[in-house]
Amino acid sequence: MKTLFYICFLLFQMNAIAGIEPEKVLPVTKRNVAPKIDGLLNDELWKDLPAADNFIMNSPDFGVLSSFKTKVYVVYDDQAIYIAAYLYDDPAKVRKQLTARDGESR
């Protein structure tokens, strides 16, 4: 038993030294009622849910905490999975052009 403990401890320490963080987990909550899909997150269903946050950047500096706050919530019922997010960003930097990929070129 001591050997197993020491192996786990050493693996944890090696990951910490190498900069590898433990896997992040977001508990997903089941509800019996679907949320109202209206673009607002003021529905009672979204209250008191755990949020995914502390996202990291992919580019230009991989692994660095994002410079803008983001909160993501996930809930499900017997019919679907619902994902809601608060994306705090500088509106002036959000790209707005539509392309053929967006299906708006017709």
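Structural data are supplied above this passage.
Here the structure is a predicted model, which means the values were calculated and not measured.

Enquirer: How should the side chain of Thr70 be read in this particular structure?
Expert: Checked against the element boundaries, Thr70 lands in strand E2 (residues 70-76). If we skip the residues at most four places from it in the chain, Thr70 touches Ala52, Asp53, Phe55, Tyr86, Leu87 and Tyr88.

Enquirer: Explanation requested: the pairing of E2 in the structure shown.
Expert: If a strand is regular, its side chains alternate between the two faces of the sheet. Along E2, five of the seven residues are buried, which leaves the element largely enclosed by surrounding structure. When strand E1 (residues 29-30) meets E2, the two strands line up parallel, connected through two bridges. Bridge pairing in E2 places Thr29 opposite Val75. Two strands pair when backbone bridges link them, and E2 and strand E3 (residues 81-87) are joined in this way by seven bridges, in the antiparallel orientation. Paired with Val74 across the two strands is Ile83, which belongs to E3. Counted along the chain from E2 to the antiparallel partner E3, the turn is four residues long.

Enquirer: Can you walk me through the layout of surface pockets in this structure?
Expert: Sizing a probe to match a water molecule and rolling it over the atoms shows the empty space that remains. What the largest pocket holds in volume is close to 200 Å³. In this structure, the largest pocket is lined by Phe55, Ile56, Met57, Asn58, Ser59, Pro60, Ser66, Ser67, Phe68 and Thr70. Of the residues assigned to the lining of the largest pocket, the class counts are five nonpolar, five polar and no charged.

Enquirer: How should I be thinking about the sheet that holds E3 in this particular structure?
Expert: What links the strands of a sheet is backbone hydrogen bonding, and the strands pair in either a parallel or an antiparallel sense. Strand order in the open sheet formed by three strands is E1-E2-E3, with mixed pairing between adjacent strands. Two strands close off the open sheet at either side, each with one partner strand: E1 and E3.

Enquirer: What exactly am I supposed to notice about the side chain of Asp77 here?
Expert: Here Asp77 is to be found in the loop between E2 and E3. The charged side chain of Asp77 is buried without a salt bridge, its nearest counter-charge being Lys30 at 8.0 Å. For Asp77, the contacting residues outside a window of four places in its chain are Arg31, Val33, Ala34 and Tyr82.

Enquirer: Would you mind showing me how to read unusual backbone geometry here?
Expert: Both trends apply: most residues other than glycine have a negative phi, and most peptide bonds are in trans. Not every positive phi belongs to a glycine, and Asp48 is a case in point at roughly 65 degrees. One can find Asp48 in the loop between E1 and E2. Backbone geometry places Asn54, a non-glycine residue, at a positive phi of 55 degrees. In this structure, Asn54 sits in the loop between E1 and E2.

Enquirer: Quick question: what am I supposed to make of the packing of aromatic side chains here?
Expert: Note on aromatic pairs: each is described by the distance of the centres and the angle between the planes. Inspection of every chain in the model, using the stated rule, returns two aromatic pairs. Where Tyr73 meets Tyr86, the ring centres are 6.4 Å apart and the plane angle is 85 degrees; that geometry is what we call edge-to-face. With Tyr73 in strand E2 and Tyr86 in strand E3, this residue pair connects regions lying 13 residues apart in the sequence. Take Tyr73: its relative accessible area is 12%, and that puts it in the buried class. Classification of Tyr86 as partly exposed rests on a relative accessible area of 33%. Look at Tyr86 and Tyr88: their rings are 6.2 Å apart centre to centre, the planes differ by 25 degrees, and that puts the pair in the stacked class. An aromatic cluster of three or more residues is present, and its members are Tyr73, Tyr86 and Tyr88. The ring of Tyr88 has Lys69 sitting right over it, with the charged end atom 4.6 Å from the ring centre.

Rules behind the numbers
Position numbers for residues count from 1 along each chain, tracking the sequence in the order it is written. Selection of residues for local features in this predicted model requires a pLDDT of at least 70, selection of side-chain atom pairs for listing and counting requires 80 or more, and totals for whole chains, interfaces and linings are taken over all residues. Each side-chain value is derived from all of the structure's non-hydrogen atoms; neither hydrogens nor water enter the calculation. Numbering of helices and strands runs from the N terminus; a helix is a DSSP stretch of H or I covering at least four residues, while a strand is a stretch of E covering at least two. Contact between two residues is taken to exist if any of their heavy atoms lie within 4.5 Å; hydrogens are not considered. We call a residue buried when its accessible area falls under 20% of the maximum for its residue type, exposed when it is over 50%, and partly exposed in between, using a 1.4 Å probe and counting protein chains only. Note on pairing: DSSP must find at least two bridges between two strands before they are called paired. In this analysis the probe radius is 1.4 Å and the grid spacing 1 Å, with only protein atoms considered; a cavity is a set of points the probe fits into but cannot get out of, a pocket is an open set with protein on both sides within 12 Å along at least five of seven lines, and lining residues have an atom within 4 Å of a point. Grid points are joined across faces, edges and corners, and a volume is the space filled by probe spheres set on the points. Under the scheme applied here, ten amino acids are nonpolar (Ala, Val, Leu, Ile, Met, Phe, Trp, Tyr, Cys and Pro), four are charged (Asp, Glu, Lys and Arg), and all others, including Gly, are polar. When charges are tallied, Lys and Arg are placed among the positive residues and Asp and Glu among the negative ones, while His and the ends of the chain are skipped. Salt bridge, as applied in this entry: a Lys or Arg side-chain nitrogen positioned within 4 Å of an Asp or Glu carboxyl oxygen. Side-chain rings of Phe, Tyr and Trp, where Trp is taken by its six-membered ring, are said to pair if the distance between their centres is within 6.5 Å; with planes under 30 degrees apart they count as stacked, over 60 as edge-to-face, and otherwise as tilted. Consider the ring centre and the ring normal. A charge sits over the ring if Lys NZ or Arg CZ is within 6 Å of that centre and within 35 degrees of that normal.

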